[in-house]
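Residue-level listing of the chains:
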Amino acid sequence: MVDDSFRAVYRILDASANRANEGFRTLEEFVRFGLENKTLVAAAKQLRHDFAQALARLPRIQLVSARDASSDVGASAQTVSEYHRKTTDSVITAAIERVQQSLRVLEEYGKIVDPAFGRDIEAIRYRAYNLHRDVELQSWVGQRLQRLADSRLYVLIDCMSDEEAFLTAIRKWAAAGVDIFQLRDKAADDRTLYQRALIGAKVAAESDALFVINDRPDLAVATDADGVHVGQDELPPGVARRLVGPDRLVGVSTHDLTQVHAAIDQGADYIGCGPTFPGRTKQFDSFAGPEFLRQVHAADKTRPLPAFAIGGITAENLGQVTETGFHRVAVSGAVTAAADPVAEIQRLKRKLESGR
Ligand SMILES: Cc1ncc(COP(=O)(O)OP(=O)(O)O)c(N)n1
Ligand SMILES: Cc1nc(C(=O)O)sc1CCOP(=O)(O)O
Ligand SMILES: [Mg+2]
């Protein structure tokens, strides 16, 4: 029988071991079927296996014979929040917290039974923190990629007259249907770009719009933007990726199929394809035109990647873009110079979603 002086300790260890195992398994199911990330599945499985190995140090028969779920006074003390999970993220967060709390309890009380067990659990606890970080990062980048995949209307904006005008425009235009904003202002100094980007990233996140910085990976990281957009004259996509990390988006401008395939090979998350038509924001000597869009759409069938047509696109010529098979566009002047930007956004979005 269990020594009464140890009975409480064994009950605590037994309950915490079960709770940690349940949390590990909850996490592993999401990594396996949600993120479908083989590396993280292997890490989660190994951690659960090593945890089981560590538990083998404990006198199992003592733990099991100390178990008395029916007299557990804590069993009925549920909080309301325990029964509410809105998203897989909230399930994962709860599971991770359960694992980390249980491991801490096992470590502290386990030292009473076997100091080596406490050390084993401490090592597992730190591995659990790292797994939590990796799952969160993958989940966050997964959300960004999903929002990117769902995006249709991408608007390039400048710093505007002041912070208030900038903030108001992003808030109103996101509500009207802009899916991605890109801060692109060749005349602004770094301090202004930085301050606007801080505002833009925050306001865009409130409305589920993505916020991308033109040209500057450093500013994308410094302002916690969703990503960076680089052209053929900026840092190569692979270098931009090294700077912004795995959980931010890297967009690449392309003007021919060679550049499209290079962008894909270098890990671009999306591409801009243009210039399509003459526009007011940037001048070009020649135009890739709708023919380039047709080529990309045909090539796109082999390696799908979100592609945004860009260059002089308006609601009036949008039909020439959608008939190539493109259903994503990046615009600037059509919105920023419109008498009624919100109405223009709604027109563009309606046409993109209807395909006409
Ligand atoms: C979505 C999107 N596509 C293309 C561009 C053009 O980028 P880039 O070639 O680097 O030219 P600048 O914008 O830096 O003048 C873009 N910005 N966004
Ligand atoms: C910044 C930029 N890059 C382009 C490219 O083809 O790479 S076209 C372009 C200008 C986009 O603004 P508007 O919609 O006003 O023409
Ligand atoms: Mg550029």
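Thresholds applied
- Residues numbered from 1 in each chain as written.
- Chains lettered and ligands numbered in written order.
- Predicted model: local features only at pLDDT ≥ 70, side-chain atom pairs only at ≥ 80, totals over all residues.
- Heavy atoms only, no water.
- Near = heavy atom within 4 Å.
- Polar contact = N/O pair within 3.5 Å; in protein donor to acceptor, adjacent residues only side chain to side chain.
- Areas by Shrake-Rupley, 256 points an atom, 1.4 Å probe, with all protein chains shown as cover.
- Nonpolar A, V, L, I, M, F, W, Y, C, P; charged D, E, K, R; others polar.
- UniProt positions renumbered as here; feature names shortened; annotations may be inferred.
- Contact = heavy atoms within 4.5 Å.
- Helix = DSSP H or I, 4+ residues; strand = E, 2+ residues; numbered from the N terminus.
- Buried < 20%, exposed > 50% of the residue type's maximum accessible area, 1.4 Å probe, protein only.
- Phe/Tyr/Trp six-rings, centres within 6.5 Å; stacked < 30°, edge-to-face > 60°.

(A) Fine view of the site of ligand 2. For ligand 2, the set of nearby residues contains 15 residues, the closest of which are P275, T281, G312, S332 and G333. Interatomic distance of 2.8 Å between a backbone N/O atom of G333 and an oxygen atom of ligand 2. Protein contacts shield 94% of the accessible area of ligand 2, which totals 420 Å² for the unbound molecule. Across the shell around ligand 2, the residue classes tally to five nonpolar, eight polar and two charged.

(B) Just the UniProt feature "binding site: Mg(2+)" (unreviewed entry) in the chain, in detail. According to UniProt, the positions carrying the feature "binding site: Mg(2+)" (unreviewed entry) are D215 and E234. These annotated residues cover 20 residues of sequence, and their C-alpha atoms all fall within 6.4 Å of one another, placing them together at a single site. When near neighbours in sequence (up to four residues on either side) are disregarded, D215 contacts K186, V228, H229, V230 and E234. Among the polar contacts made by the side chain of D215, one reaches the side chain of K186 at a distance of 2.4 Å. Relative to the elements of secondary structure, E234 occurs in the loop between β4 (227-230) and α9 (237-244). Using a relative accessible area of 27% as the deciding quantity, one classes E234 as partly exposed. At 2.6 Å, the side chain of E234 forms a polar contact with the backbone nitrogen of G231.

(C) Looking closely at the site of ligand 1. Near ligand 1 lie 15 residues; those nearest to it are R184, K186, E234, S253 and K282. In this structure, G231 approaches ligand 1 through a main-chain N or O atom, which is 3.2 Å from an oxygen atom. Contact distances for ligand 1 include 2.7 Å between an oxygen atom and a side-chain N or O atom of S253. Within the complex, the protein chains bury 91% of what would otherwise be the 420 Å² of accessible surface of ligand 1. Here the residues of the shell around ligand 1 sort into four nonpolar, six polar and five charged.

(D) Seen up close, the packing of aromatic side chains. One pass over the structure, following the stated rule, counts seven aromatic pairs. For the pair F284 and F287, a centre-to-centre distance of 6.1 Å together with 65 degrees between the ring planes defines the contact as edge-to-face.

(E) Quick look at unusual backbone geometry. Across the junction of G274 and P275, the peptide omega takes the value -5 degrees, indicating a cis bond. Residue position: P275 is located in the loop between β6 (270-273) and α11 (289-300). A positive phi angle, near 55 degrees, is found at M160, a position not held by glycine. Along the chain, M160 falls in the loop between β1 (153-157) and α6 (163-176). Looking at M160, the relative accessible area reads 24%, which means it is partly exposed. Here D224, not a glycine, exhibits a phi torsion of approximately 55 degrees, which is positive. Residue placement: D224 occurs in the loop between α8 (217-222) and β4.

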